[in-house]
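Examination of the molecular architecture
Spelled out, the chains give:
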Amino acid sequence: MRKLILLSVGLVLAALVATLGWRLSPRGEPLPVPRPEPVDLPALPPVTATRPDVAVSFELRLHARIPGAERGTPLEGTARFALTNPRTGEPLRGVRPLGWLNRRAHGQAAPDEATCKERIQTYLGGFLAAQADANLNSYLFLTLNHDQTLSVIDPQISLDRTKLQNLVSLGGEPADWALPPDRKALFLSIPVHGTVSVVDLRRFVVVRDVHVGKSPGRLAVSPDGRTVWVANEGDGTVSVIDTASYQVLRTLEVGGGEHAFAFSDGGRTAWVSSSDGEELVAVDVSSLEETGRVKVGPGVGSIDYSAVARALYAVQVRTHEALVVDTTRREVARRIPLAPSPDLLRFDNSGRWAFVLYPRGDRVDVLDAASSQLAHTLTGFSQPDQLLFTSAYAYVRNTEDARVSLIELASLARAGKPSIAQVAMGQKKPSESRGLGRAPPFAAMPEGNSAIIAGTADRALFLYSEGMMAPRGSLLNYGREPKAVLVLDRSLHEVEPGVFTAEAVVRDNGPYDVYFLLDNPRTVACLEWDVREVPEDVSAAGKRPLALTPEFNPSTPLPPGVSTALRFRLSPLPDAKDPRPVRAEEVRVLMFRPPSGRWLQRPTPRRVEEELFEVEVSPSEPGQYQLLVGVEGRGAPFGVLPHFTLSVQPTLAARPSSEAPQ
């Protein structure tokens, strides 16, 4: 009878969990279940084009609407290119295709080869007035700034004055950040508040402040992308956050001081070090249960795992050693002597070479995981503190020098001294900035053979291509010191041999022109994809969640060099998912002179009354200008709402009429 009662209680609890949308944490606490992953709608046959060197197959796999999703929202999907050699049928691997989707206007003919090439060149130019409906090659730069903000920079837009797309206020000084592989949200630790801020990377707003332990610092993402691990340096604990629900799943006691993370066994085991504790702690990533400890003594700092050596490497600061930990036997297998004051330890992408930096000195040690020995001692650095790896180079930041040191990885296996190049990145050394932080100041670019580097004291970003002796370009950070930089890559990625995918959003039914470009072998193709799956509520009025109505006459010219007030109304449509009145702080306005955008203003909207807003614009010279209004948080970024073409004429003395057009 007792077993029957327990079984009945279990069934009731399971029913409640299913009904209320809960799941149980490792401690038995109910947690909100994230919305289910979208499933693909029935796929249409791929469309193909064959060129002498490349056969291109394309399909757009739209996701079914998730149950409970709001009406009037665009549908997301996955754009998929499959590339093969037409003579052998073998997949083309390791190439970098580019693609765009654009809705064909009613009655417009399909582009011929000349029009196709011309349109691709236009898209490559990055003109804001001539963008595709879906850019499958987009990426953004995210910078962590000294003034507690996060900048979102679009380097692909051709605007001379600004490429700043968004600025997110964080409300506290971040210590570190972490980006899960799905790139949907960014996690930032805020020590002063004891929280981790979650930034939605679609809308670029803080959507959650997750309360963790005291003084959260370093962050790490588990290899499966499901959890973020938070080092609470004020109370000797580690918090584990679910990346889907933004809930704390578990808090672990690991020891005091600073913490570092590493993952072994294919990501199944997490290792945590504590500078004041005497043990490395092993945790099962799935159950979040502690599975063992390794005695290492106090003073362990940076740790990293090598799949080549099947061992965990740890820097023992107090004894000046690198510890090689056998993760199976849970013991220290070897001790490698180091110089005093070692700090950061990281393995390159191959897992063979471990780099040890000395931020108080001038050297970098390179350990060979194949032999568990010190392979190279490199000098000539200037207080190095950060590392970045590409397939060919290790990038080392020098805090007392404006140069970045590039160590050729292939030269580490050759006899003699490894090859090191010094590349100047700006004019000022990083130590002249207001603070450096823990997050890396550089990130690899999508093509894999270049990097974006934060010139912290120069308040700029530098684009560097490997093989050059100077940056190939720079971007302003608009008066802010970039302490760290990330690449939010939304471009086509190779998911299997010869198959490249990227996320895409469509708003309308009908024919889309698919533009394809491959640089090597040089291939241009235009295909057609007919979207039929979008429900009518999306392709009709629901595609625009807001109604934009000008309170000025767009055909009336504006005077140059004079400030002019323009008013417009923004009203949520009946089926909008958010029926609340729009607030002024939600609205973004952009006025620029096409095609290059060499003159640009971002006037700040002012609320006159409910649904009525006003901006002041002052075009500098005669010509044609574009005025765009966007409310990204309501699903209406720039380009969704109607835009206005305004004329500026030098002979005009009067202001434009305040009456709406008849």
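Residues numbered from 1 in each chain as written. Predicted model: local features only at pLDDT ≥ 70, side-chain atom pairs only at ≥ 80, totals over all residues. Heavy atoms only, no water.

**Describing the overall build of the protein**
Inclusion rule: Secondary structure elements follow DSSP: runs of H or I no shorter than four residues count as helices, runs of E no shorter than two count as strands, and numbering proceeds from the N terminus. For this analysis, residues touch if any pair of their heavy atoms sits within 4.5 Å. For the area figures, the Shrake-Rupley method with a 1.4 Å probe applies, and any residue is considered shielded solely by the protein chains shown.
Assigned secondary structure in the protein consists of three helices and 51 strands. Within the protein, contacts between residues at least 6 apart in sequence are counted, and of these 54% link residues at least 24 apart. Counting every atom, the protein has about 29,900 Å² of accessible surface; 50% of that belongs to carbon and sulfur.

**Observations regarding the pattern of salt bridges**
Selection criterion: By salt bridge we mean one thing: a side-chain nitrogen of Lys or Arg within 4 Å of a carboxyl oxygen of Asp or Glu. Buried means the residue's accessible area, taken with a 1.4 Å probe over protein chains only, is under 20% of the maximum for its type, while exposed means over 50%, and partly exposed covers the values in between.
Taken as a whole, this structure holds 34 salt bridges when the rule is applied. Linking E233 and R438 is a salt bridge whose minimum nitrogen-to-oxygen distance equals 2.6 Å. Of this pair, E233 sits in the loop between strand 16 (227–232) and strand 17 (237–242) while R438 sits in the loop between strand 34 (420–424) and strand 35 (442–444), and the two are 205 residues apart along the sequence. Assessed through its relative accessible area of 25%, R438 is described here as partly exposed. For R522, the salt bridge goes to D519, with nearest N and O atoms at 3.1 Å. The same class applies to R522 as to D519, namely exposed. It is possible to trace a salt-bridge network through shared partners that takes in R583, E585, E586 and R634.

**What about the state of the cysteines?**
To keep it simple, the criterion reads: Our working definition of a disulfide is a cysteine sulfur pair at a distance within 2.5 Å.
With the rule as written, the count across this model stands at one disulfide. Disulfide partner of C116: C526, at an S-S distance of 2.1 Å. Taking the sign of the S-S torsion, about 95 degrees here, the bridge from C116 to C526 comes out right-handed. Taken together, the residues C116 in helix 2 (residues 113–125) and C526 in strand 43 (residues 523–531) connect sequence positions 410 residues apart. For C116, a relative accessible area of 2% translates into the label buried. On the basis of relative accessible area, C526 is assigned to the partly exposed category, the value being 23%.

**A word on unusual backbone geometry**
Excluding glycine, residues mostly carry a negative phi; peptide bonds, for their part, are mostly trans. Following N520, the chain continues into P521 via a peptide bond in cis, with omega recorded as -5 degrees. For P521, the position within the fold is in the loop between strand 42 (510–518) and strand 43. Phi is positive for F204, which is not a glycine, with a value near 60 degrees. Among the structural elements, F204 can be located in the loop between strand 13 (195–200) and strand 14 (205–211). A relative accessible area of 4% means that F204 is categorised as buried. Within the chain, L288 stands out as a residue other than glycine whose phi angle is a positive 60 degrees. Tracing the backbone shows L288 in the loop between strand 21 (279–284) and strand 22 (290–295).

**Quick look at the sheet that holds strand 50 (residues 623–630)**
Applicable threshold: A pair of strands counts as paired when DSSP detects no fewer than two bridges linking them.
Here we have four strands laid out as an open sheet, ordered 47-46-50-51, and antiparallel in their pairing. Among the strands making up the open sheet, the edge pair consists of strand 47 (600–601) and strand 51 (644–648). As judged from the two bridges shared by strand 46 (residues 588–592) and strand 47, these two strands associate in the antiparallel manner. Bridging across to strand 47, M591 finds its partner in Q601.

**Overview of the pairing of strand 43**
Pairing analysis gives nine bridges linking strand 42 to strand 43, with the strands arranged antiparallel. For D513, the partnering residue across the bridge sits in strand 43 and is E528. Adjacent in sequence and paired antiparallel, strand 42 and strand 43 are bridged by four residues.

**A closer look at the nonpolar core**
What counts, and what does not: Nonpolar cores were defined as sets of buried Ala, Val, Leu, Ile, Met, Phe, Trp, Tyr and Cys residues, with membership established by side-chain atoms within 4.5 Å.
Within the largest apolar cluster, 27 residues are counted, with the highest numbers of intra-cluster contacts made by F58, L60, F81, L83 and L101. Counting residues per element, the ones that place at least two in this core are strand 4 (55–62), strand 5 (75–84), strand 41 (499–506), strand 42 and strand 43. The residues touching L83, leaving out its near neighbours within four places in the chain, are V54, A55, V56, E90, P91, L92, V95, P97, G498, F500 and F516. Membership of the second largest hydrophobic core comes to 26 residues, among which are L546, V617, V629 and V631.

**Brief notes about the pairing of strand 45 (residues 564–572)**
Two faces belong to every sheet, and in a regular strand the side chains alternate between them. Relative to strand 45, strand 44 (residues 546–550) runs antiparallel, the two being bridged by five bridges. Bridge pairing in strand 45 links P550 to F568. Sheet analysis places strand 45 next to strand 49 (residues 612–617), joined by six bridges and oriented antiparallel. Across the sheet, the residue bridging to R567 is E614, located in strand 49.

**Regarding the environment of R208**
Mapping R208 onto the fold places it in strand 14. Between the C-alpha atom of R208 and that of F187, which follows or precedes it by 21 residues, the distance is 9.6 Å. Residues within four places of R208 in sequence aside, it is in contact with V196, S197, V198, S245, Y246 and Q247.

**Focus: the side chain of T78**
For the record, the criterion: Counting of polar contacts relies on pairs of N or O atoms within 3.5 Å, with two restrictions inside protein: one atom must be capable of donating a hydrogen and the other of accepting it, and residues adjacent in sequence are counted only when both atoms are side-chain atoms.
Tracing the chain through its elements places T78 in strand 5. Judged by its relative accessible area of 17%, T78 falls in the buried class. In this structure the side chain of T78 is engaged in a polar contact, spanning 3.1 Å, whose partner is the side chain of E503. Ignoring anything within four residues of it in the chain, the contact list for T78 reads E59, L60, R61, H63, T501, A502 and E503.

**Digging into the sheet that holds strand 49**
Applicable threshold: Throughout, an axis means a line fitted to C-alpha atoms (over the contacting stretch in the case of helices), and angles, computed between N-to-C directions, take values from 0 to 180 degrees.
Here we have four strands laid out as an open sheet, ordered 44-45-49-48, and antiparallel in their pairing. A strand with exactly one partner marks an edge of an open sheet, and here the two such strands are strand 44 and strand 48 (606–609). Each adjacent strand pair in this sheet contributes to an overall mean axis angle of 35 degrees, direction not counted.

**Focus: the packing of aromatic side chains**
What counts here: Side-chain rings of Phe, Tyr and Trp (the six-membered ring for Trp) are treated as a pair once their centres are within 6.5 Å; stacked means planes under 30 degrees apart, edge-to-face means over 60, and tilted covers the remaining angles.
Applying the stated criterion across every chain, the model contains 14 aromatic pairs. Summarising the aromatic geometry, the rings of W229 and F263 are spaced 6.0 Å apart at their centres and angled 80 degrees between planes, so their arrangement reads as edge-to-face. Here W229, found in strand 16, pairs with F263, found in strand 19 (residues 259–264); they are 34 residues apart in sequence, far enough to count as distant. Residue classification places W229 among the buried residues on the basis of a relative accessible area of 0%. The buried category is assigned to F263, whose relative accessible area is 16%. Relative to F347, the ring of Y313 lies with its centre 5.0 Å away and its plane at 90 degrees, an arrangement referred to as edge-to-face. Taken together, the positions of Y313 in strand 24 (residues 311–316) and F347 in strand 27 (residues 345–347) put the pair 34 residues apart, joining distant regions of the chain. Here Y313 matches F347 in class, with each residue buried.

**Some thoughts on the side chain of T237**
Take T237: it is sitting in strand 17. A polar contact of 2.7 Å, which involves the side chain of T237, links it to the side chain of D235. Look past the residues within four positions of T237 in its chain and what remains in contact with it is V230, A231, N232, T251, L252, E253, V254 and H259.

**Quick notes on the confidence of the model for the protein**
Detailed reading of predicted coordinates is not advised where the pLDDT is low. Definition in use: A residue's pLDDT is simply how confident the predictor is in it, with values from 0 to 100.
Averaged over the protein, the pLDDT score is 86; the fraction of residues at 70 or greater is 86%. Contacts from residues 1–37, a stretch scored under 50 in pLDDT, to residues over four places away or in other chains number 37 contacts. Low pLDDT (under 50) marks residues 652–662, which in the prediction has 26 contacts with non-local residues, meaning those over four places away or in another chain.

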